[in-house]
Amino acid sequence: MLFSRALIPTVKEAPQDAANASHVMLTRGGFIRRVGAGMYDYLPLGLRVLRKVESIVREEMDRAGALEILMPALLPAEYFKETGRWDRFGDTLFRLKDRKGSEFLLGPTHEEIVTDIARREIKSYRDMPKNLYQIQSKFRDEPRPRGGLLRCREFIMKDAYSFDADEAGAKASYEKMRVAYCRVFDRMGLTYRMVAADSGAMGGSTSAEFQVLADSGEDAIVACGACDYAANVEVATVKAPPAAAAGTQEPRAEVHTPKHGTIDEVTAFLGVTKDKMLKSLLYAAGDQVVMAVVRGDHDVNEILLARALGLSEVFLASEADVKKATGADVGFAGPVGFTGKLLVDRAASVVVNGVAGANKTDTHFKGVNRGRDFEGDVVDIRLAATGDICPKCEKGALQSYRGIEAGHIFILGTHYSEKMRALFSGEGQEQKPVVMGCYGIGVSRLVATAIEQHNDADGIRWPMSLAPYHVALVTLGKDQAVADAGKKLYDELWAMGVEVLWDDRDERPGVKFKDADLIGLPLRVTIGGKGLAGGNIELKPRTEPDPKKAEFVPVADAARVIAARVKSLLS
RNA sequence: CGGGGAGUAGCACAGACCGGUAGUGCGCAAGCUUUGGGUGCUUGAGAUCGCGGGUUCAAAUCCCGCCUCCCCGACCA
């Protein structure tokens, strides 16, 4: 592609609203333009990257034996009513009506529709396993679209669905997808972790997220430094602390702590460390108010807390509810004498001579010990953090990371097949629901995710497998010999299968170099009058910041050397 | 949905408090200049000041209503 004939509208200034690297660079580099909140144009460069992501995903799905199909994005409401998701999806669903007033939706995901295919076409255990996938636009009315392509209302997703005759078959299908996903992310040159995750509304028995590590990620994950344990912090647990040391228990004593309600204030006032504090938080859980106690240096994990209570969610109690439940102002709640349901984190349960609120305004207790001063149910309800010991190997220390969820795989079981009567005949003529799995990859999100992980101050550093073109060819000056050499190399490289973007514009060198860095093609070939007079062109990887370290390659060898370099970076 | 912020030329912004000829930089067009990291100079085109209403002789500016967008949080296969 000739730059002079392309549509690559680079701009110097970042859009005022962009807050992360990928949004800034995709916009500045002329890859995308915003059309509305969470809606983007893909300009030619952006579309080429999107297509590369799609190709890799498609190749790996096909390799894993999945079959590509395409379902409509516009869907009749009846399918979602059949499974109850028409109501359960709430405001996230884009709903619309046709001219006759019939209800429709724009598909946020396609379990119902693919299950409809299954119930019509899969009649026997002999028809399975099957895995159907599509790459398609999805629509979700997100409460808050953000981050450019990272969270859109219309986005492109690969969604795959497996159908098996039994749980063991489903596990095998799931495992195939896991391997395929690893290949996808490996080929894209991404650093990622497969983590245990909350199954959420899908209610599956087994699920894992593929988290691409990036400081700008929305998700917090922890991973063990010694074994393969990794989990979304939502569901991460930690090794149980040692049983209480048989230390001497001080008598419990009331202390006056006027206006000192926070952990920081109380520890400073009483001269104790945070791990001696019994942080007591009140939650609205269903129709009751429960108290959750964790150590002062720990935080409550609300998802674990909700699970421990058998609920889907809990909310921090209002100030009024706290006062009603404890009889004290916020900041002075504690387990001693609390009459409601009491949950105590494992680590907090073994604190000896702790400090806790006395359920009396401006008052705390010292010398609080579980077993003597209070009871409560001991559960794991705290957030894992860096330094905690791994729950799996019980040796390694956990490390916290930020991640971007780029893929999620589930075993769904028979949730949808039962509701929609997707039944098949087993070997003994019995009718059984198919066992399903579902597997998503955020294709358009990956375009942005790759940049979040691969960029520097000057712009993007595309991995070769995702770059819109393999090589940026920059010719300098108006010298005809340079232009001729550029044209020759350009033609040779394309003939060898190398995708070249030739900056043939009548621009000064600085402009071309800046744009090349911004667009971020992995290899840059420069042809200038001086170098050419010496019989050389220059070759520099985008990852090399120092232009002086460019490699000189004889003109005669250039095409061959460059093509070989591209090939090695692709494998 | 809660909190905060912003809508003025293609982009980034000033002007608003204190009403009176709509401005700057980048980009765009033309000319000269320059040519290995966003060259310098000159000239020019380009705006229903988000929308609707109100106050006023006069509204980008003051008042009322609405819309859109962004950030933090909640939310989120």
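Here we summarise the structure given alongside this text. (Residues numbered from 1 in each chain as written. Chains lettered and ligands numbered in written order. Predicted model: local features only at pLDDT ≥ 70, side-chain atom pairs only at ≥ 80, totals over all residues. Heavy atoms only, no water.)

Some words on the nonpolar core
Argument step 1. Formed by 62 residues in total, the largest nonpolar core has its most connected members in Phe-31, Met-61, Tyr-181, Met-188 and Trp-462.
Argument step 2. For this core, the leading source of residues is helix H6 (residues 167-187), giving 8 residues.
Argument step 3. Mapped onto the domain boundaries, this core takes at least three residues apiece from domain 1 (3-236 + 401-451) and domain 3 (469-570).
Argument step 4. Discounting residues that sit within four places of it in the chain, Met-188 has contacts with Val-53, Ile-56, Val-57, Leu-446, Pro-463, Ser-465 and Leu-466. (Core = buried A, V, L, I, M, F, W, Y, C linked by side-chain atoms within 4.5 Å. Buried < 20%, exposed > 50% of the residue type's maximum accessible area, 1.4 Å probe, protein only. Helix = DSSP H or I, 4+ residues; strand = E, 2+ residues; numbered from the N terminus. Domains from an automatic or database assignment. Contact = heavy atoms within 4.5 Å.)

Examining the protein's contact with RNA strand B
Argument step 1. Near RNA strand B, the surroundings consist of 43 residues, among which Thr-109, Arg-144, Arg-151, Asp-517 and Glu-538 are the closest.
Argument step 2. Protein-proximal atoms of RNA strand B, defined as those within 4 Å of the protein, fall in sugar or phosphate at a share of 49%.
Argument step 3. One nitrogen or oxygen atom from the side chain of Thr-109 is found 2.3 Å from a base nitrogen belonging to RNA strand B.
Argument step 4. A distance of 2.6 Å separates a base oxygen of RNA strand B from a polar atom in the side chain of Arg-151.
Argument step 5. Broken down by secondary-structure element, the contributors of at least two residues to the surface near RNA strand B are strand E8 (154-164), strand E21 (398-413), helix H14 (509-519) and strand E29 (523-527).
Argument step 6. With 7 residues, H14 is the single largest residue contributor to the surface near RNA strand B.
Argument step 7. For the surface near RNA strand B, a count of residues per class yields 16 nonpolar, 9 polar and 18 charged. (Near = heavy atom within 4 Å. Polar contact = N/O pair within 3.5 Å; in protein donor to acceptor, adjacent residues only side chain to side chain. Nonpolar A, V, L, I, M, F, W, Y, C, P; charged D, E, K, R; others polar.)

Topic: the layout of surface pockets
Argument step 1. Taken as a whole, the second largest pocket holds about 350 Å³ of empty space.
Argument step 2. Lining the second largest pocket are 23 residues, and of these Pro-241, Pro-242, Arg-295, His-298 and Ala-347 lie nearest its centre.
Argument step 3. Here the residues of the lining of the second largest pocket sort into 12 nonpolar, 2 polar and 9 charged. (1 Å grid on protein atoms, 1.4 Å probe; cavity = no way out; pocket = protein on both sides within 12 Å on 5 of 7 lines; lining within 4 Å. Points joined across faces, edges and corners; volume = space filled by probe spheres on them.)

Here we look at the sheet that holds strand E4 (residues 74-76)
Sheet strands pair via backbone hydrogen bonds, and the direction of the pair is either parallel or antiparallel.
Argument step 1. Strand order in the open sheet formed by 3 strands is E4-E6-E5, with antiparallel pairing between adjacent strands. For this open sheet the edge positions go to E4 and strand E5 (94-97), each flanked by a neighbour on one side alone. Sheet twist, expressed as the mean angle between neighbouring strand axes with direction ignored, is 35°. (Pairing = 2+ DSSP bridges. Axes fitted to C-alpha atoms, helices over the stretch in contact; angles between N-to-C directions.)

Examining the sheet that holds strand E17 (residues 342-345)
Argument step 1. Ordered in space as E16-E14-E15-E17-E20, the 5 strands form an open sheet in which the pairing is mixed. Two strands lie at the open edges of the sheet, namely strand E16 (315-316) and strand E20 (377-379), each paired on one side alone.
Argument step 2. Sheet topology places strand E15 (residues 288-295) next to E17; 3 bridges connect them, and they run parallel. Its bridge partner being in E17, Met-291 is matched across the sheet by Leu-342.

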